Amino acid sequence: MSDHSNGIKKGGDDYVDSSHEAALGRFRSAASVAMTPELFEKLYLSPQNAVKGDLRKTFANPTPIAVAGFLLCLTPLSCDLMGWRGAGGNGAASIPVYYFQGGILMTLGALLEWILGNTFSAVVFGSFGTFWLSFAGTLSPSFAAFASYAPAGEPAAAGLETPAFNASFGFWLLVMALLCVVYMICAIRTNIIFFLIFLCLVISFGLLTGAYWVLAQDFAGNAARAQKLVVGGGAAGFACASLGWYLFLALLFAAVDFPIQLPVGDLSSLVRGHSERNKMA
């Protein structure tokens with residue numbers, strides 16, 4: 001005689017374990033809960049938007065992957081620019097890090113964010129992932145970025161002392177600063193920490209642009225002045241990295257449902273989007 005005390009009759013002689021059915025019901029209920037805009041913005045660093053499908057419920061959150069790659073590059077580079085413990089070389093010691101950690105992780109994160117439909121974070125991570133790859137290429141001798149400007153018979157490093165190289169490199173840093181201004185404005189719809197990160201980057205890229213353009217005018221006479229600007233750019237980068245480590249910790253705390261949750265200063269509910277304003281109107 002069979003014992004069906006823990007089963008539920010479904011018709012005929014078919015029985016389903018009630019404990020399994022209850023667990024499955026709880027799972028379905030949890031999966032169907034809509035994520036609040038505040039939590040979504042905290043996890044994806046992007047305003048909540050409607051996309052087709054349930055990919056966000058199917059795949060893991062790629063945002064911490066890209067943030068980790070960013071921090072692993074920016075933190076040591078900032079220390080190099082400030083000259084801590086005798087560091088220098090404009091970060092050349094970390095060329096492999098820019099390629100295989102910053103470049104790969106941020107580009108991978110951008111692709112995954114694109115798949116999930118998170119446009120803003122995908123654009124940010126993609127542009128900075130390729131920035132680290134490009135920066136590594138500039139420092140790599142095989143790309144001949146310095147050698148192309150070096151006088152005939154001079155070593156490749158002499159390219160740093162030519163006005164043309166310094167002026168040209170400064171334009172790239174200026175464009176990165178302008179890009180961060182755009183991101184900073186858009187970050188008003190995310191959170192305070194993300195906004196401050198871009199503010200620090202604008203300052204850092206601006207100071208580094210000034211350093212290279214000062215060197216373009218007179219390398220020998222302005223070297224000391226340019227070095228102060230480089231140190232200032234490194235300090236702003238280090239402040240950005242410090243904010244980034246806090247954000248990274250907040251993302252992981254939310255991902256593992258840690259008992260302590262770190263606030264990031266949500267702005268998505270304070271600065272309402274265009275579509276929300278239209279609905280209210």
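Calculation criteria
- Residues numbered from 1 in each chain as written.
- Predicted model: local features only at pLDDT ≥ 70, side-chain atom pairs only at ≥ 80, totals over all residues.
- Heavy atoms only, no water.
- Helix = DSSP H or I, 4+ residues; strand = E, 2+ residues; numbered from the N terminus.
- Buried < 20%, exposed > 50% of the residue type's maximum accessible area, 1.4 Å probe, protein only.
- Contact = heavy atoms within 4.5 Å.
- Areas by Shrake-Rupley, 256 points an atom, 1.4 Å probe, with all protein chains shown as cover.
- UniProt positions renumbered as here; feature names shortened; annotations may be inferred.
- Core = buried A, V, L, I, M, F, W, Y, C linked by side-chain atoms within 4.5 Å.
- Axes fitted to C-alpha atoms, helices over the stretch in contact; angles between N-to-C directions.
- Left-handed = near helix turned anticlockwise from the far one by under 90°.
- Patch = residues over 30% accessible without salt bridge, like charges linked within 9 Å, V, L, I, M, F, W, Y side chains within 5 Å.
- Salt bridge = Lys/Arg side-chain N within 4 Å of Asp/Glu carboxyl O.
- Phe/Tyr/Trp six-rings, centres within 6.5 Å; stacked < 30°, edge-to-face > 60°.

Asker: Teacher, can you tell me more about the overall build of the protein chain here?
Answerer: Helix and strand counts for the protein chain stand at 10 helices and two strands. Beginning at the N terminus, the succession of helices and strands in the protein chain can be written as β-β-α-α-α-α-α-α-α-α-α-α. When each of the 281 residues of the protein chain is scored for burial, the buried share is 40%. Across the protein chain, every contact between residues at least 6 apart in sequence was considered, and the portion connecting residues at least 24 apart equals 66%. Accessible surface for the protein chain amounts to roughly 15100 Å². Of this, 67% is attributable to carbon and sulfur atoms.

Asker: Can you walk me through the UniProt feature "transmembrane region" (unreviewed entry) in the protein chain in this structure?
Answerer: Taking the UniProt record as the reference, the feature "transmembrane region" (unreviewed entry) is found at residues 65–84, 96–116, 123–149, 169–186, 193–215 and 235–256. Regarding residues 65–84, the helix share stands at 90% and the strand share at 0%, and the terminal C-alpha atoms are separated by 27 Å. Across residues 96–116, helical content stands at 100% and strand content at 0%; the span's end C-alpha atoms are separated by 29 Å.

Asker: Could you clarify how one ought to interpret the nonpolar core in this entry?
Answerer: Across soluble globular proteins, nonpolar side chains have a tendency to be buried as a group. The biggest cluster of nonpolar side chains holds 57 residues, and the ones touching the most others in it are Phe70, Phe128, Trp132, Phe198, Leu201 and Phe205. Those elements that place two or more of their residues in this core are helix H4 (63–82), helix H5 (95–116), helix H6 (119–139), helix H7 (163–186), helix H8 (192–217) and helix H9 (219–255). If one sorts the elements of this core by residue count, H8 sits on top with 13 residues. Excluding its chain neighbours within four sequence positions, the residues that come into contact with phenylalanine 128 are Phe70, Met106, Met176, Cys180, Tyr183, Phe198, Leu201 and Phe205.

Asker: Looking at this structure, how should I read the packing of H4 against H6?
Answerer: When two helices pack together, their arrangement is given by the angle between the helix axes and by the axis-to-axis distance. It is the contact of H4 with H6, at a shortest axis distance of 11 Å, that shows an interaxial angle of 35°. In the packing of H4 onto H6, the handedness of the crossing is left-handed. In this structure, H4 contributes Thr63, Ala66, Val67, Phe70, Cys73, Leu74 and Leu77 to the contact, and H6 contributes Phe125, Phe128, Trp132 and Phe135.

Asker: Got a minute to help me understand unusual backbone geometry in this structure?
Answerer: Most of the time, phi is negative for any residue but glycine, and the peptide bond is trans. The phi dihedral of arginine 85 is positive, around 55°, even though this residue is not glycine. Within the secondary structure, arginine 85 is located in the loop between H4 and H5. Look at arginine 85 and you get exposed, because its relative accessible area is 88%. Unusually for a residue other than glycine, alanine 144 sits at a positive phi of about 55°.

Asker: Explain a nonpolar patch on the surface here, please?
Answerer: Together, Ile65, Leu108, Leu112, Trp114 and Ile115 make up a nonpolar patch on the protein surface, roughly 470 Å² of accessible area in all. In terms of residue count, the dominant contributor to the nonpolar patch is H5 (four residues). When you line up the elements, leucine 112 lands in helix H5. Under the relative-accessibility criterion, leucine 112 is labelled partly exposed at 30%.

Asker: Sorry, what's going on with the packing of aromatic side chains here?
Answerer: How two aromatic rings sit relative to each other is given by the distance of their centres and the angle of their planes. Per the stated rule, a full pass over the model turns up 25 aromatic pairs. An angle of 10° between the planes, with centres 6.1 Å apart, marks the rings of phenylalanine 131 and phenylalanine 135 as stacked. Of the two residues, phenylalanine 131 and phenylalanine 135 are both situated in helix H6; the distance of four residues between them amounts to about one turn of the helix. Residue phenylalanine 135 is classed as buried on the basis of its relative accessible area, which comes to 9%. Aromatic side chains tryptophan 132 and phenylalanine 135 sit 6.4 Å apart centroid to centroid with 75° between the ring planes, which places their arrangement in the edge-to-face category. Of this pair, tryptophan 132 and phenylalanine 135 both sit in helix H6, three residues apart, which is roughly one turn of the helix. Phenylalanine 135 shares its class with tryptophan 132; the two are buried.

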